[in-house]
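# Architecture and fold: a report
Chain residues, written in single-letter form:
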Amino acid sequence: MHNLDKFSGVLEHPDIAIKMKQGFTLPYYFQTASATEESASSFPLILTLHAMRSNTVVPKARYKEWNVLHPIDCYGYKNEGSFWAAGYPELPLLDAIVELVESHKNKGLFNGEVYISGSSSSGIACVYLANKLNAQA
């Protein structure tokens with residue numbers, strides 16, 4: 001197993017949860033839409049994937065009309081991220097993200113629409129997840 005010490009600030013954040021898949025740990029942050037006039041369940045989900053070395057900070061942005069799922073890749077060289085491909089070719093991190101999105105959808109936490117955002121090293125993961133989740137964009 002890898003050393004999670006550098007992620008202590010992230011893992012101790014009250015909004016961080018953990019998903020396990022095939023022995024891999026996937027910390028993630030879920031933030032519901034903050035619009036007061038409508039339920040968060042009436043808004044889409046944006047799945048945000050960080051780039052290499054951007055995995056030690058919890059997002060601070062707040063969105064009125066978006067629910068946000070921000071998984072954290074704590075694998076790869078120096079635990080700086082694995083291009084979301086830890087365990088390749090099985091890709092358990094990406095499959096764990098698919099399970100998270102489907103679970104949140106089944107619980108009615110968003111309206112079923114999924115949008116994916118990523119930069120740099122997360123680009124291939126965005127394509128994989130867009131296909132798996134039938135993302136809108």
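Structure: above.
Read on for a plain summary of the structure. (Residues numbered from 1 in each chain as written. Predicted model: local features only at pLDDT ≥ 70, side-chain atom pairs only at ≥ 80, totals over all residues. Heavy atoms only, no water.)

### Focus on the overall build of the protein
This is how the line gets drawn: In this text, helices come from DSSP runs of H or I with a minimum length of four residues, and strands from runs of E with a minimum of two, each type numbered from the N-terminal end. Radius of gyration: C-alpha atoms only; globule rule: 2.2 Å multiplied by the number of residues to the exponent 0.38. Each residue is assigned to one of three classes by its accessible area relative to the maximum for its type, calculated with a 1.4 Å probe on protein chains only: buried under 20%, partly exposed between the two thresholds, exposed over 50%. Throughout, a residue-residue contact means that at least one pair of heavy atoms, one from each residue, lies within 4.5 Å. With residues, only the protein chains shown are counted as cover, and all accessible areas are computed by Shrake-Rupley using a 1.4 Å probe. Neither His nor the chain ends is counted toward charge; the positive residues are Lys and Arg and the negative residues Asp and Glu. To locate a charge, take NZ of a lysine, CZ of an arginine, CG of an aspartate or CD of a glutamate.
If you tally the helices and strands in the protein, you get three helices and five strands. The order of α-helices and β-strands along the protein, N terminus first, is α-β-β-β-β-α-β-α. At 14 Å, the protein has a C-alpha radius of gyration in line with the 14 Å of a compact globule built from 137 residues. Principal axes of the C-alpha set define a box for the protein whose edges measure 45 × 30 × 25 Å. Per-residue burial for the protein yields a buried fraction of 45% across its 137 residues. Of the contacts formed within the protein by residues at least 6 apart in sequence, a portion of 63% connects residues at least 24 apart. Just so you have it, the protein exposes about 7,200 Å², and 51% of that area is on carbon and sulfur atoms. Seen as two clouds, the 11 positive and the 13 negative side-chain charges of the protein have centres 3 Å apart.

### Observations regarding helix H2 (residues 92-106)
Using the following cut-off: To estimate how far a helix should extend, the number of its residues minus one is multiplied by 1.5 Å.
Compared with an ideal rise of 1.5 Å per residue, which puts 15 residues at 21 Å, H2 spans 21 Å between its outermost C-alpha atoms and is within 8% of the ideal. Taken as a whole, H2 has its buried residues at Pro92, Leu93, Leu94, Asp95, Ala96, Ile97, Val98, Leu100, Val101 and His104. Where H2 is buried, its residues meet strand S1 (16-21), strand S2 (24-31), strand S3 (45-49), strand S4 (67-71), strand S5 (114-118) and helix H3 (123-133). Two residues or fewer after H2 comes glycine 108, characterised by a positive phi angle close to 75°.

### Brief notes about the nonpolar core
Put simply, the test is: For our purposes a nonpolar core is just a set of buried Ala, Val, Leu, Ile, Met, Phe, Trp, Tyr and Cys residues, chained together by side-chain atoms within 4.5 Å.
Grouped together as the largest cluster of nonpolar side chains are 27 residues, with contacts concentrated most on Leu47, Leu49, Leu69, Ile97, Val101 and Leu129. Listing elements by their share of this core, those giving two or more residues are S2, S3, H2, S5 and H3. With seven residues, H2 is the largest single contributor of residues to this core. Residues contacting leucine 47, with those up to four places away along its chain left out, are Leu69, Pro71, Ile97, Tyr115, Ile116, Ser117, Leu129 and Leu133. By size, the runner-up hydrophobic cluster in this structure holds five residues, among which are Val10, Ile16, Tyr29 and Val58.

### What about the state of the cysteines?
Rules: Disulfide: a pair of cysteine sulfur atoms within 2.5 Å of each other.
Tallied over the full model, the rule gives zero disulfides. Here cysteine 74 stays unpaired: no disulfide links it, and the sulfur of cysteine 126, its closest cysteine neighbor, is 18 Å away.

### Focus on the pattern of salt bridges
Selection criterion: Salt bridge, as used here, is a side-chain nitrogen of Lys or Arg placed within 4 Å of a carboxyl oxygen of Asp or Glu.
Per the counting criterion, the structure on display carries two salt bridges. With a closest N to O distance of 2.9 Å, lysine 19 and glutamate 99 form a salt bridge. Of the two residues, lysine 19 sits in strand S1 while glutamate 99 sits in helix H2, which places them 80 residues apart along the sequence. When the shortest N-O distance is used, the salt bridge between glutamate 99 and lysine 21 registers 2.5 Å. Taken together, the residues glutamate 99 in helix H2 and lysine 21 in strand S1 connect sequence positions 78 residues apart. Connected through shared salt-bridge partners, Lys19, Lys21 and Glu99 make up one network.

### Comments concerning the packing of aromatic side chains
In plain terms, the rule: Only Phe, Tyr and Trp rings take part, Trp by its six-membered ring, and two of them pair if their centres are within 6.5 Å. Stacked means planes under 30 degrees apart, edge-to-face means over 60, and tilted covers everything else.
Taken as a whole, this structure holds two aromatic pairs when the rule is applied. Between tryptophan 66 and tyrosine 115, the aromatic rings sit 5.1 Å apart at their centres with planes inclined by 90°, giving edge-to-face as the arrangement. Taken together, the residues span a long stretch of sequence, with tryptophan 66 in the loop between S3 and S4 and tyrosine 115 in strand S5 at a distance of 49 residues.

### Here's the deal with unusual backbone geometry
Outside of glycine, negative phi angles account for most residues, and trans bonds account for most peptide bonds. For lysine 78, which is not glycine, the phi torsion reads 55° and is therefore positive. Summarising the element assignment, lysine 78 is placed in the loop between S4 and H2. Judged by its relative accessible area of 55%, lysine 78 falls in the exposed class. Phi at phenylalanine 83 takes a positive value of approximately 60°, unusual for a residue other than glycine.

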